[in-house]
Amino acid sequence: MISISNNFFAAIAAMFSLLVIFSSMQCHAQLSSTFYDRTCPNALNTIRTSVRQAVSRERRMAASLIRLHFHDCFVQGCDASILLDETPTIVSEKTALPNLGSVRGYGIIEDAKRELEKTCPGVVSCADILAVAARDASTLVGGPSWAVKLGRRDSTTASHTLAETDLPGPFDPLNRLISSFASKGLSTRDMVALSGAHSIGQAQCFLFRDRIYGNGTDIDAGFASTRRRQCPKEDQNGNLAPLDLVTPNQLDNNYFKNLRQRKGLLQSDQVLLSGGSTDDIVSEYSNSPRAFASDFAAAMIRMGDISPIIRILAVDCHFPITYINLGIALKVKGETCFNIII
């Protein structure tokens, strides 16, 4: 006679119960603006406090935080891989040419994460903090707000190679900008709207020196002359210049008005109004602050949807479970109706 231990029957019973439990769950494998409502209800306020303090110290940080989120999403998706430091197994994205010496705001994300860990340890991802911080940065400098979708997991890998190849550059022609954004699922209109983030922030001199000294027909002569004062032709300095001279600390549609006057600082700015397919969009935004604000918010939401590693939130599971061992880390909260974050 074959002897079967009690442990075997217990294991079978546990497996059966597990199947019943998961078959009854409503598992939402998608991003949601309410993702942390139960597990960390004060998460958004905590992040906003960190961002507000940073922007109050330095208005330019608003532009830096929006750019940080952008540079994260365009390299293997919105997964916080840009935050990973160099290790024996990781070649950091921080040292890639588009990021090195120019991407800022890492410390602000770390500050927010540190505060969140005090009340909600291990719950809120850095990828979500990046997305929320970009939204808060926009509102703090007069830009639009939007409902940030949440539920991203953080990556454990980075791609220095993709950071070198997938980010749009300041010298890119229009067709390359369009294709770069299209490869991430973003439309031409999204690309123009997101470019409006250049109504705030600053650029290093070497990024526009050739443009202001080139005597091209696509740049206003007076504008070029003004810009040369802070960017000597022979001096290879790291001087900074505001992307928008008129409202440098306000996220508004003045960027598009500048383009109509041939006062785009970067070559990749002015090509948006150069007789191509984006001319009408630039004109629309320059005439309508509301249209720009609405499209900018919508484009930021779509950008936040680029290839996230989605966490699973299971709710309405009417079983009083305290522990489930699936060989993966599960965080269980609540009583008979709980959340599981994977």
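Structure's up top.
Here is a short report on the structure shown in this document. (Residues numbered from 1 in each chain as written. Predicted model: local features only at pLDDT ≥ 70, side-chain atom pairs only at ≥ 80, totals over all residues. Heavy atoms only, no water.)

## Concerning the side chain of Ser-125
Then, in step 1: Structurally, Ser-125 is set in the loop between helix 4 (106-119) and helix 5 (126-140).
Then, in step 2: Note on Ser-125: relative accessible area 4%, which makes it buried.
Then, in step 3: Sequence-distant contacts of Ser-125, that is, excluding residues within four places in its chain, are made with Tyr-36, Arg-152, Arg-153, Asp-154 and Arg-311. (Helix = DSSP H or I, 4+ residues; strand = E, 2+ residues; numbered from the N terminus. Buried < 20%, exposed > 50% of the residue type's maximum accessible area, 1.4 Å probe, protein only. Contact = heavy atoms within 4.5 Å.)

## Some words on unusual backbone geometry
Then, in step 1: With phi around 65°, Ala-80 is a residue other than glycine that occupies positive phi space.
Then, in step 2: Among the structural elements, Ala-80 can be located in the loop between helix 3 (60-73) and helix 4.

## A closer look at the pattern of salt bridges
Then, in step 1: In this structure the tally under the stated criterion is 15 salt bridges.
Then, in step 2: Across the pair Asp-172 and Arg-176 runs a salt bridge, and its minimum N-O distance is 3.5 Å.
Then, in step 3: On the accessibility criterion, Asp-172 (11% relative accessible area) is buried.
Then, in step 4: The exposure class of Arg-176 is partly exposed, given its relative accessible area of 48%.
Then, in step 5: Its salt-bridge partner being Asp-295, residue Arg-189 comes within 2.6 Å of it at the nearest N-O pair. Placement of the pair is Arg-189 in helix 8 (residues 188-195) and Asp-295 in helix 14 (residues 289-304), with a sequence separation of 106 residues.
Then, in step 6: Asp-295 sits in the buried class, given a relative accessible area of 18%.
Then, in step 7: In this structure, a network of salt bridges that share partners links the residues Arg-48, Arg-135 and Asp-136. (Salt bridge = Lys/Arg side-chain N within 4 Å of Asp/Glu carboxyl O.)

## Re the state of the cysteines
Then, in step 1: With the rule as written, the count across this model stands at three disulfides.
Then, in step 2: Between the sulfur atoms of Cys-40 and its disulfide partner Cys-120 the distance amounts to 2.1 Å. Judged by the sign of its S-S torsion, about 85°, the cystine formed by Cys-40 and Cys-120 is right-handed. In this pair, Cys-40 is assigned in the loop between strand 1 (26-28) and helix 2 (43-57) and Cys-120 in the loop between helix 4 and helix 5, connecting sequence segments 80 residues apart. Here Cys-40 and Cys-120 have matching classes, each one buried.
Then, in step 3: The side chain of Cys-73 participates in a disulfide bridge whose partner is Cys-78; the two sulfur atoms lie 2.0 Å from each other. Between Cys-73 and Cys-78, the S-S dihedral sits near 120°, and the bridge is therefore right-handed.
Then, in step 4: Going through the chain in sequence order and numbering each bonded cysteine, the pairs you get are 1-4, 2-3, 5-6. (Disulfide = S-S within 2.5 Å.)

## Observations concerning the packing of helix 7 (residues 174-182) against helix 8
Then, in step 1: In the contact formed by helix 7 and helix 8, the axes pass within 9 Å of each other and the chain directions differ by 105°. Relative to helix 8, the element helix 7 lies roughly perpendicular. Where helix 7 approaches helix 8, its residues Leu-174, Leu-177, Ile-178 and Phe-181 are matched on the opposing element by Thr-188, Met-191 and Leu-194.
Then, in step 2: Partitioning the contact of helix 7 with helix 8 into residue classes produces six nonpolar, one polar and no charged. (Axes fitted to C-alpha atoms, helices over the stretch in contact; angles between N-to-C directions. Parallel < 35°, antiparallel > 145°, perpendicular 65-115°, else oblique. Nonpolar A, V, L, I, M, F, W, Y, C, P; charged D, E, K, R; others polar.)

## So, the nonpolar core
Then, in step 1: Core analysis: the biggest nonpolar cluster contains 75 residues, and Leu-272 and Met-303 have the highest contact counts within it.
Then, in step 2: For this core, the element with the highest residue contribution is helix 5, accounting for 10 residues.
Then, in step 3: Here Leu-272 is in contact with Leu-174, Leu-177, Met-191, Val-192, Ser-195, Tyr-255, Leu-259, Thr-278, Asp-279 and Val-282, once residues within four sequence places are set aside.
Then, in step 4: Counting 13 residues, the second-largest nonpolar core is a separate cluster that includes Ala-203, Leu-207, Ala-224 and Leu-265. (Core = buried A, V, L, I, M, F, W, Y, C linked by side-chain atoms within 4.5 Å.)

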